[in-house]
Amino acid sequence: MEPTFTEEQQMLRSSVRDLLRSELPPGRIAELADSEPGWDPALHCRMAELGWTGLSVPEDAGGAGMGFLEEAVVFEELGYGLYPGPYLSTVALALPLLPADHAAAVAAGEVTATLAWAEPGVRVALARPEAVTTTA
């Protein structure tokens, strides 16, 4: 079965592609790769303003209340555009595990995050987050 995207999802795809085309031409991607942060925090903030960092966050928590399919559209276009930033680690890996107040901060573009669950010398299951002792 091949998915059929809605008009809204197609518009999302076009807007991601258009923004990346204008903000990340190949020379800019290479420039960012050689920079200290390796990515453009201002572009990440712009993506948050457009609602992309909070697509799957419920509306009452500051998000768009959409779902994984809309996020997948953005993931695909960011890969296509060679986006060098923390979107995948923040939205795909960390966001589903964050409490609501942190999810709202992600949706607003105030924070980025990633999933880190393995510790040297300790067996940690995702079902037992209290076993994690490392902090950052």
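As shown above, the structure is provided for reference.
Residues numbered from 1 in each chain as written. Predicted model: local features only at pLDDT ≥ 70, side-chain atom pairs only at ≥ 80, totals over all residues. Heavy atoms only, no water.

A. Region of the structure containing the packing of aromatic side chains. All told, the structure shown has 2 aromatic pairs when counted by the stated rule. Considering the side-chain rings of F68 and F75, the 6.0 Å spacing of their centres and the 55° angle between planes classify their relative orientation as tilted. According to the relative accessible area criterion, F68 is exposed, its value standing at 57%. You can call F75 buried: its relative accessible area is 18%. On the numbers, 5.7 Å between centres and 70° between planes, the contact of F75 with Y87 is edge-to-face. (Phe/Tyr/Trp six-rings, centres within 6.5 Å; stacked < 30°, edge-to-face > 60°. Buried < 20%, exposed > 50% of the residue type's maximum accessible area, 1.4 Å probe, protein only.)

B. Structural context of unusual backbone geometry. You will see that L82, though not glycine, has its phi angle at about 60°, which is positive. Mapped onto the fold, L82 is located in the loop between α4 (68–80) and α5 (87–94). Relative accessible area serves as the criterion here: at 55%, L82 is assigned to the exposed category. (Helix = DSSP H or I, 4+ residues; strand = E, 2+ residues; numbered from the N terminus.)

C. Geometry of the nonpolar core. Membership of the largest hydrophobic core comes to 24 residues, with the highest contact counts inside it found for M47, L78, Y83 and Y87. Every element with two or more residues in this core is listed here: α1 (7–23), α2 (26–33), α3 (41–49), α4, α5 and α6 (100–107). Leaving out residues up to four positions away in the same chain, Y87 has contacts with M47, W52, T53, L55, V74, F75, L78 and A92. (Core = buried A, V, L, I, M, F, W, Y, C linked by side-chain atoms within 4.5 Å. Contact = heavy atoms within 4.5 Å.)

Remember, this is a structural readout, not a statement about activity or role.
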